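Given next are the chains, with one letter for each unit.
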Amino acid sequence: MRASPLLFAFIAAGLSAGAAQAHHSFAVYFDPGKDVTITGKVTAFRFTNPHGTIVLDVVDDQGRTREWRAETNAPVVLQRRGWTRSSIKAGEVITIDGWASRDGKP
Amino acid sequence: MRLAVMLAAAALAIAAPATAEPNLEGFWNLAFDATEPPADMLAKLPPDTVVIEDTGVVEFPENEYGGLRLKPAALAKAQAWKPEDEMDLSRVCLPPSIVYAIQGPFPFEVHQTPELIVLKYEYFDQVRLVHMDGRDHPPADAPHSKMGHSTGRWDGDELVIDTTHIAPSTITNNGLDHSGSIHMVERYRLSPDGNRLTAIQWFEDPEVLDNAGARVIEWTKRPGEYVYPYECDPAFALEYQEAGQARE
């Protein structure tokens, strides 16, 4: 059985001078002092406000596949930067830079 | 002849229109290169007011309130708040009141007439009416709403908006809530070139706070742009619920 621990990360690519955060506060869920970089195959992409989410399978150093979830900036903000619902597709392999979740759970 | 000229000049002076108020119409986006707020605007803040530094993209983590002094009950409630409680289908898309909504980096549109100014916010698709016709606020027990009841006036070149009847909601998005008795006053000033808008938001809530709070917010005008639909999707809460179940 595939382990499915979940670690929320935040796409730092969306956190530039133009970042915006919705009612769901990033500051209480994620730690801006803990950067995380992951590479994996996308299994799902949801692009609706307050935040988009990307689900991807990441293979760790031991060859185990773990499911990660990342939250994006508000899609209404990303749209002004050219993002659409099709910007990320299932099956694609992507790399995400973000902040680790504060609870630190895998 | 000289008397006729004098009378004509006097007539022209009387007929001349008053100086027009600043035109705040347009699409305003958060200024990520914010300038120092005008000292004279800050000087108008009432005593015992703290300027909290959570505007734009900045957010306070739990147990940080930027210098606001919370009454014991409010502090206990804020400390007991759990962020995961917001990740519920019934709560995740609850819009915040204008007290918090104004601080964020989402843009808004201004539509201005002498009698009414309409502010259309992208954040949670909220719309706010500012009555410029001299009316009073309704009675204290009138219905409250997230946008509250706003009346406005011009104070020289500044738009002053007074808002009451704001329904309880968050102040700092980390467990600190205001009551329905909160009172908010904003001052807006347009830059000489008309491309920057500076606001100083002030609020007091004697039921929750021992001091008053303020924020300084600056926007830049972006001609041709407009507010997009926000249309919050409550299914976002399921992401957290699924994650929580997967960890069990």
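Residues numbered from 1 in each chain as written. Chains lettered and ligands numbered in written order. Predicted model: local features only at pLDDT ≥ 70, side-chain atom pairs only at ≥ 80, totals over all residues.

## A short note on the overall build of chain A
Line of reasoning, step 1. Looking only at helices and strands, chain A features 2 helices and 5 strands.
Line of reasoning, step 2. Ordering the α and β elements of chain A from the N terminus gives β-α-β-β-β-α-β.
Line of reasoning, step 3. Put simply, chain A has 106 residues, and 43% of those count as buried.
Line of reasoning, step 4. Within chain A, counting contacts between residues at least 6 apart in sequence, those at least 24 apart form 71% of the total. (Helix = DSSP H or I, 4+ residues; strand = E, 2+ residues; numbered from the N terminus. Buried ≥ 20, exposed ≤ 12 C-beta atoms within 10 Å, placed from the backbone. Contact = placed C-beta atoms within 7 Å.)

## Notes on the overall build of chain B
Line of reasoning, step 1. Helices and strands together make up the secondary structure of chain B, namely 5 helices and 12 strands.
Line of reasoning, step 2. Put simply, 59% of the contacts in chain B that link residues at least 6 apart link residues at least 24 apart.

## Focus on the pairing of strand 2 (residues 30-46) of chain A
Residues and elements named next belong to chain A.
Line of reasoning, step 1. Bridge count for strand 2 against strand 5 (residues 93-101) is 9 bridges, and the pairing is antiparallel. Pairing of Thr37 across the sheet is with Asp97, part of strand 5.
Line of reasoning, step 2. Sheet topology note: the strand 2/strand 3 (residues 53-59) ladder contains 5 bridges and is antiparallel. Paired with Lys41 across the strands is Asp57, a residue of strand 3.
Line of reasoning, step 3. Counted along the chain from strand 2 to the antiparallel partner strand 3, the turn is 6 residues long. (Pairing = 2+ DSSP bridges.)

## A closer look at the nonpolar core
Line of reasoning, step 1. Ile98(B), Val99(B), Ala101(B), Leu119(B) and Tyr121(B) are the most contacted members of the largest nonpolar core, which has 58 residues in total.
Line of reasoning, step 2. When near neighbours in sequence (up to four residues on either side) are disregarded, Ala101(B) contacts Pro96(B), Tyr121(B), Tyr123(B), Phe124(B) and Gln126(B). (Core = buried A, V, L, I, M, F, W, Y, C linked by C-beta atoms within 7 Å.)

## Some thoughts on the pairing of strand 3 (residues 108-112) of chain B
Residue and element names in this part refer to chain B.
Line of reasoning, step 1. The pairing of strand 1 (residues 26-30) with strand 3 spans 3 bridges and is antiparallel. Its bridge partner being in strand 3, Gly26 is matched across the sheet by Val110.
Line of reasoning, step 2. Where strand 3 lies against strand 4 (residues 116-121), 5 bridges are found, and the strand directions are antiparallel. Its bridge partner lying in strand 4, His111 is registered against Val118.
Line of reasoning, step 3. The turn joining strand 3 and strand 4, which pair antiparallel and follow one another in sequence, is formed by 3 residues.

## A closer look at unusual backbone geometry
Line of reasoning, step 1. The residue after Asn49(A), namely Pro50(A), is reached through a cis peptide bond having omega 10°.
Line of reasoning, step 2. With respect to the secondary-structure elements, Pro50(A) resides in the loop between strand 2 and strand 3.
Line of reasoning, step 3. For Asp48(B), which is not glycine, the phi dihedral falls at a positive 55°.
Line of reasoning, step 4. Tracing the sequence through the fold places Asp48(B) in the loop between helix 2 (39-43) and strand 2 (49-51).
Line of reasoning, step 5. With a phi angle near 55°, Asp125(B) is a residue other than glycine that sits in the positive phi range.
Line of reasoning, step 6. Tracing the sequence through the fold places Asp125(B) in the loop between strand 4 and strand 5 (127-131).
Line of reasoning, step 7. On the basis of neighbour counts, which here come to 16 C-beta atoms within 10 Å, the residue Asp125(B) falls in the partly exposed class.

## A few points about the environment of Pro223(B)
Line of reasoning, step 1. The residue Pro223(B) is located in the loop between strand 12 (212-221) and helix 5 (236-247) in this model.
Line of reasoning, step 2. Separated by 195 residues in sequence, Pro223(B) and Trp28(B) have C-alpha atoms that sit 8.7 Å apart.

## Quick look at the confidence of the model for chain A
Line of reasoning, step 1. Here chain A shows a mean pLDDT of 77. Residues at 70 or above account for 75%.
Line of reasoning, step 2. Model confidence for chain A, summarised as mean pLDDT per element, is weakest for strand 1 (residues 8-10) of chain A at 39 and strongest for strand 3 of chain A at 93. (pLDDT = per-residue confidence, 0-100.)

## Topic: the environment of His183(B)
Line of reasoning, step 1. Relative to the elements of secondary structure, His183(B) occurs in strand 10 (residues 183-190).
Line of reasoning, step 2. Ignoring anything within four residues of it in the chain, the contact list for His183(B) reads Thr164(B), Phe203(B) and Glu204(B).

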